[in-house]
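# Structural characterization, general
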Amino acid sequence: TNPFAICSFNDTTTHHNKPVTTMTYANPMDQKIETFYRQIFADLKVDQGEAQALQDFFNKTNPPPDKIVWLRATAFRIGCEFLQDSNDHNVALLRAINAIVHAVETARMQPKPLEGTDKFDDDKVSEYFTSILEDLSVDRDENQELFDFFTTENPPPPDKIIYTRASAFRIASGLLTDDKATNTQLLRCVNVLVHAFEQTCLMPKPYVLQQPVPPTISVEAVGVDASIEKAVQHLWDLDNNRLHPNEDYVINVQRGKKPWQNEDSARQPLFTKIDTKVLRRPTYKAFLALLDNYVAETGVAENVTDTERREIWTFLKAIMQTGPMQFCHKYCKANATRTKVPSDTQGFMKLLHKVWFDLYRRSRGGRDDSSGFEHVFVGEIKDDKVSGFHNWIQLYLEEKKGALNYKGYIKPKSRDSAATNEDDHILTIQFDWNGVEKSVGTSFIGTSPEFEFALYTTCFLVGQEQNRVTLDTGDDVFDLNIKCFTMARDKIGTSFPEAVGHWEE
């Protein structure tokens, strides 16, 4: 059942007879979806027959679970751009937004099993939604009340899911005014209400990467070096959870320096701001939970608690619901020769746990004090030097709490290299961590946890210690050496990118 008719779409990319403002996108999926939304809102024709076409769009685009909140919030954000003085137009706009939300929920989500659905009351929905939307604001307490309403006070059964969500749009249509600012605030309130509804009443469908591993990427077809390079670019293109520079986050690279220069060349922090909402996405949230599980000093035995074990498996399950990690699994299964890669997801996660999270000794004569994950993503201190620490999220968090002092970026070795700037997705920098210096460290910036995990896993299982690749990040092209070294016979000792060259397209 489709509560509102679905809007048609065409090839135009303008609205109100004005060109749409262009922007730089972190990945092609974002641009494709935003363009698609604008096409819908520019037309606003209601045609029941196009409901399936809209749903097919999301099935074909195949956004991962981490994108669902973004898909819905973006529909509201772009919809606000199309508000006009005409009430009829704005009602049609609300119907179009609801149609998009309906298609997203139908294509990418499924009902959660809720208790107490037998006491569901239609009238309570209308009364409560009206009280929320008439106020034109939802504070923290009201937001919690929304969650309580859907989970305990009036949980909807599966056959009332569509009715419940559509009621928010129906009631909002009757509250539209001739004031754009008021209508914009109304749409924001509807978005908050629908967000609470989706978080409590729905859950993502299991994600399956629809693309097979291209034959031209296989090691047998092109050799290890070319195969790894193609695989790395493919992983980048699949990273739909990557952040937008100067939108989701802002960095300030400031002055460059040579590695042997240890003076502080940056008066300001590296990270100017981060939209912390992105850190609540499932894979980011699961990744964050792991970062405080380790002791930085080598030689000190790590103690893994039951809670920390659960956090590891939560993270592995989350990243396996993404394109980069599902491609990594397929690619490694097809091309790894040194390690047997299981074909089933559970078996592959056990392998990931072994190579990344099983503990080993990094200090001679010491106890199990390290793991690949700790070294690469969290960082360690050994012999009064920072070791590892190649993740931008950890950089941001440690800088935010005052434990890390950014001292400037490392100038490229070649004079022909492009200038380092704020939209680069790869930075080589110098910093102090807890008073200990990291003279040279290279990290990806803005990439998702699943991308980096997939990249280093791929190089470890299929590649070599030195993996020279050329990576096109959109506005920039980087020549990289992805280094990957083994410890304790069959576990990751370290893995990180080394920037060899950089130029702008």
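Note: the structure precedes this text.
The paragraphs below set out a description of the structure included in this document.

Rules and cut-offs
Residues numbered from 1 in each chain as written. Predicted model: local features only at pLDDT ≥ 70, side-chain atom pairs only at ≥ 80, totals over all residues. Heavy atoms only, no water. Buried < 20%, exposed > 50% of the residue type's maximum accessible area, 1.4 Å probe, protein only. Helix = DSSP H or I, 4+ residues; strand = E, 2+ residues; numbered from the N terminus. Polar contact = N/O pair within 3.5 Å; in protein donor to acceptor, adjacent residues only side chain to side chain. Pairing = 2+ DSSP bridges. Axes fitted to C-alpha atoms, helices over the stretch in contact; angles between N-to-C directions. Contact = heavy atoms within 4.5 Å. Phe/Tyr/Trp six-rings, centres within 6.5 Å; stacked < 30°, edge-to-face > 60°. Lys NZ or Arg CZ within 6 Å of the ring centre and 35° of its normal. Salt bridge = Lys/Arg side-chain N within 4 Å of Asp/Glu carboxyl O. Disulfide = S-S within 2.5 Å. Patch = residues over 30% accessible without salt bridge, like charges linked within 9 Å, V, L, I, M, F, W, Y side chains within 5 Å. Areas by Shrake-Rupley, 256 points an atom, 1.4 Å probe, with all protein chains shown as cover. Lys, Arg positive; Asp, Glu negative; His and termini not counted. Charge placed at Lys NZ, Arg CZ, Asp CG, Glu CD. Core = buried A, V, L, I, M, F, W, Y, C linked by side-chain atoms within 4.5 Å. Parallel < 35°, antiparallel > 145°, perpendicular 65-115°, else oblique. Nonpolar A, V, L, I, M, F, W, Y, C, P; charged D, E, K, R; others polar.

### Description of helix α16 (residues 392-400)
Residue pairs spaced three or four apart in an α-helix point in one direction, given the helix's 3.6 residues per turn. α16 sits mainly inside the fold: 7 of its 9 residues count as buried. W392, I393, Q394, L395, Y396, E398 and E399 are the residues of α16 that are buried. A side-chain oxygen of the first residue of α16 lies 3.0 Å from the backbone nitrogen of I393; this N-cap is N391. Where α16 terminates, the next one or two residues include G402, which has phi positive at roughly 90°.

### A word on the pairing of strand β17 (residues 491-504)
Of the pairings in the sheet, the one linking strand β16 (residues 476-487) to β17 comprises 12 bridges and is antiparallel in character. The residue bridging C484 from the neighbouring strand is S495, located in β17. Remark: 3 residues form the turn of the hairpin made by β16 and β17, two consecutive strands paired antiparallel; A488 in that turn has positive phi of roughly 55°.

### Let's talk about the sheet that holds β17
Pairing between sheet strands relies on hydrogen bonds along the backbone, with the strands arranged either parallel or antiparallel. Judged by pairing direction, the sheet is antiparallel, and its 3 strands sit side by side in the order β15-β16-β17 without closing on themselves. Only two strands of the sheet have a single partner each, and these edge strands are β15 (466-472) and β17. Shown here is a sheet whose adjacent strand axes are inclined to one another by a mean of 20°, direction ignored. Helix-sheet contacts for helix α17 (residues 449-461) involve β15, β16 and β17, and the interaxial angle to β16 is about 60°.

### Some details on the packing of aromatic side chains
Two numbers describe a pair of aromatic rings. These are the distance of the centres and the angle of the planes. In the structure shown here, the tally under the stated rule is 33 aromatic pairs. Put simply, the rings of F287, Y294, F315, W356, F357, F373, F377, F453 and Y456 touch in pairs and so form one group of aromatic residues. One Lys or Arg, K67, reaches over the ring of W70 and ends 4.2 Å from the middle of that ring. The positively charged end of K160 is found above the aromatic ring belonging to Y163, 5.0 Å away from the centroid.

### Structural notes on the pairing of strand β14 (residues 436-444)
Look at any regular strand and the pattern is simple: side chains alternate between the two faces of the sheet. As paired strands, strand β13 (residues 426-433) and β14 are joined by 7 bridges and run antiparallel to one another. What sits directly across from W433, in β14, is V436. The loop that links β13 with its antiparallel partner β14 comprises 2 residues; one of these, N434, has a positive phi angle of about 50°.

### What about the environment of P259?
Relative to the elements of secondary structure, P259 occurs in the loop between β8 (256-257) and β9 (271-274). Overall, the relative accessible area of 31% leaves P259 in the partly exposed class. Those residues in contact with P259 that lie beyond four places of it in its chain are I410, Q430, S439 and V440.

### Considering the pattern of salt bridges
Under the defined criterion, the tally for this structure stands at 17 salt bridges. Measuring nitrogen to oxygen at the nearest pair gives 3.2 Å for the salt bridge that ties E198 to R72. Taken as a pair, E198 in helix α8 (residues 180-201) and R72 in helix α3 (residues 68-81) lie far apart in primary sequence, 126 residues in all. In this pair, the class of E198 matches that of R72, namely buried. Salt bridges here are not isolated pairs; linked through shared partners, they connect E34, R38, R77 and E81.

### Concerning the state of the cysteines
This structure, assessed with the given rule, holds 0 disulfides. Left without a disulfide partner, C189 is nearest to the cysteine sulfur of C80, which lies 11 Å away. There is no disulfide at C459, and the cysteine sulfur nearest it, in C484, is 6.1 Å away.

### As for the environment of L238
Tracing the chain through its elements places L238 in helix α10 (residues 224-238). Considered as a pair, L238 and I33 are 205 residues apart in the sequence and their alpha carbons are 15 Å apart. Residues in contact with L238, not counting those within four places in the same chain, are L209, Q211, G323, P324 and F327.

### Regarding the sheet that holds strand β12 (residues 404-410)
The strand order β8-β12-β13-β14 describes an open sheet built from 4 strands, whose pairing is mixed. Sheet topology places β8 and β14 at the edges, where each strand pairs with a single neighbour. As judged from the 2 bridges shared by β8 and β12, these two strands associate in the parallel manner. Bridge assignment links G256 to a residue of β12, and that residue is Y409.

### Description of unusual backbone geometry
A negative phi angle characterises most non-glycine residues, just as the trans form characterises most peptide bonds. In this model, N62 sits at a positive phi of 55°, which is unusual for a non-glycine residue. By the secondary structure assignment, N62 is in the loop between α2 (51-61) and α3. The class for N62 is buried, based on a relative accessible area of 6%. A positive phi angle, near 65°, is found at F389, a position not held by glycine. With respect to the secondary-structure elements, F389 resides in the loop between β11 (385-387) and α16.

### Here's the deal with a negative patch on the surface
A contiguous patch of negative charge, built from E134, D135, D139, D141, E145 and E153, is present on the exposed surface. Elements with a contribution of two residues or more to the negative patch: α5 (122-135) and α6 (140-153). In terms of residue count, the dominant contributor to the negative patch is α6 (3 residues). For D141, the position within the fold is in helix α6. The class of D141 is exposed, set by a relative accessible area of 55%.

### Quick notes on the nonpolar core
Formed by 86 residues in total, the largest nonpolar core has its most connected members in F315, W356, F357, F373 and F453. For this core, the element with the most residues is α17, which contributes 8 residues. Setting aside residues up to four positions removed in sequence, W356 forms contacts with S371, G372, F373, V376, F377, F453, Y456, T457 and I492.

### Focus: the packing of α3 against helix α4 (residues 87-108)
Interaxial distance between α3 and α4 falls to 10 Å at its minimum, and their mutual angle equals 170°. Regarding the angle of α3 to α4, the classification is roughly antiparallel. Where α3 approaches α4, its residues I68, L71, R72, A75, F76 and G79 are matched on the opposing element by L93, I97, I100, V101, V104 and R108. Taken together, the residues of the contact of α3 with α4 break down into 9 nonpolar, 1 polar and 2 charged.

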